[in-house]
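# A look at the structure
Read off the chains here:
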There are 2 protein chains.
Amino acid sequence: MGASRIDIYSENINNIAAAAKVFAHPARVAILQYISNQKSCICNDIVDEIGLSQATISQHLKVINSAGLLKGTFEGKSVCYCIHLEHFQELQELFNSFFNQTKSNCC
Amino acid sequence: MGASRIDIYSENINNIAAAAKVFAHPARVAILQYISNQKSCICNDIVDEIGLSQATISQHLKVINSAGLLKGTFEGKSVCYCIHLEHFQELQELFNSFFNQTKSNCC
DNA sequence: CTTTAACATCGTAATATTGCAATATTACGA
DNA sequence: TCGTAATATTGCAATATTACGATGTTAAAG
């Protein structure tokens, strides 16, 4: 016990929760905002921008990337981080359909 | 180490992360959906609906309530859970403004 | 006043997350 | 090839989250 019991929920619910997890840490929100504000494909000034170590930023980037929210080159040197807009917007729609479904029927 | 360093981020970023945390667990998403689907102000069939113990559901409800997403009576017996629609929609707007701000400028 | 239904809270165990230092790995330039 | 800059990965330590049983607490029924 201690682990989330994802087996007992519908796929839609698990998808929403998994997506929310990406945004559930301020570092990841900040990283996404920073990347999206860069004119050109600049890379790890992220480490300088946000006050966390390179290892930690790299870990957060991995989480964001695993959710399909990044696009670019990821090998050795000269890496390029960009937002994967299509996937990003898919998540926005997922959230909005959840929000729009949820109404207040009582009180 | 181990704890999130919320002190180094802007308030807006922390707000988004805090809101996302509420939805970052499938049980809470399921609870919100269930409450919103009830015609009348029904209470803890939630425990029967979702396969978790009463103590666990109660904990999740506390998290949801702390985020300001519930409305109703919360004393002793005959409790009434409802979605606090205004706050709920505020969160929707918070997410949407974040999503809309985030663009892909490169690659 | 007692009982009971409906919750909340406490204590605790299991697991997940966060963060960093140290250590790979990789790509490019000298 | 060597050195180096730019990451990724590994291995902890600290903390947070999740889940549940047991135990309070409260309001209404009897």
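The structure displayed is predicted, hence computed values, not measured ones. (Residues numbered from 1 in each chain as written. Chains lettered and ligands numbered in written order. Predicted model: local features only at pLDDT ≥ 70, side-chain atom pairs only at ≥ 80, totals over all residues. Heavy atoms only, no water.)

The next thing to look at is the relation of the copies chain A and chain B. Of the two same-sequence chains, chain A is brought onto chain B (RMSD 0.1 Å, axial shift 0.0 Å) by a rotation of 180°. Here the copies are linked by what is in effect a two-fold axis. Looking at the rotation axis and the C-alpha trace of chain A, the residue lying nearest is A20 of chain A, at 2.6 Å. The residues that chain A uses at the interface reappear at the interface of chain B in 100% of cases, marking a shared surface. (Least-squares fit on C-alpha atoms with pLDDT ≥ 70 in both. Contact = heavy atoms within 4.5 Å.)

With 52 residues of chain A at the contact, the number on the chain B side is 52 residues. For the pair chain A and chain B, the summed buried area comes to about 4300 Å², and 68% of that belongs to carbon and sulfur atoms. Sorting the residues of chain A by area buried against chain B places Y9, P26 and F99 of chain A first, and these three jointly supply 14% of that buried surface. On the surface where chain A and chain B come into contact, there are 0 salt bridges. The interface formed by chain A and chain B holds 6 residue pairs in polar contact (both at pLDDT 80 or more) in total. For the side of chain A that touches chain B, the elements supplying multiple residues, two or more each, are α1 (11-23), α2 (26-37), β2 (82-83) and α5 (85-101) of chain A. Per-element tally for the side of chain A that touches chain B: the top contributor is α5 of chain A, with 10 residues. Tallied by class, the residues present in the side of chain A that touches chain B amount to 29 nonpolar, 18 polar and 5 charged. (Buried area = accessible area lost by both parts, 1.4 Å probe. Salt bridge = Lys/Arg side-chain N within 4 Å of Asp/Glu carboxyl O. Polar contact = N/O pair within 3.5 Å; in protein donor to acceptor, adjacent residues only side chain to side chain. Helix = DSSP H or I, 4+ residues; strand = E, 2+ residues; numbered from the N terminus. Nonpolar A, V, L, I, M, F, W, Y, C, P; charged D, E, K, R; others polar.)

Residues and elements named next belong to chain B. Compared with the 18 Å implied by 1.5 Å per residue over 13 residues, the 18 Å span of helix α4 (residues 54-66) between its first and last C-alpha is a close match. For α4, the full list of buried residues reads I57, H60, L61 and I64. Along the axis of α4, the buried residues cluster in a sector spanning 105°; they form a single face. Those residues of α4 that are exposed and aimed more than 90 degrees away from the buried face are Q59, K62 and S66. Buried residues along α4 sit against α1 (11-23), α2 (26-37), α3 (46-49) and β1 (70-71). Phi turns positive one or two residues past the end of α4, at G68, with a value near 80°. (Expected span 1.5 Å × (residues − 1). Buried < 20%, exposed > 50% of the residue type's maximum accessible area, 1.4 Å probe, protein only. Arc of directions from axis to C-beta.)

Residues and elements named next belong to chain B. For the pair α2 and α4, the least separation of the axes is 10 Å and the interaxial angle reads 80°. By the criterion of interaxial angle, the relationship of α2 to α4 is roughly perpendicular. Facing α2, whose interface residues are A27, R28, I31, L32 and I35, α4 presents I57, H60, L61, V63 and I64. Class assignment of the residues belonging to the contact of α2 with α4 gives a composition of 8 nonpolar, 1 polar and 1 charged. (Axes fitted to C-alpha atoms, helices over the stretch in contact; angles between N-to-C directions. Parallel < 35°, antiparallel > 145°, perpendicular 65-115°, else oblique.)

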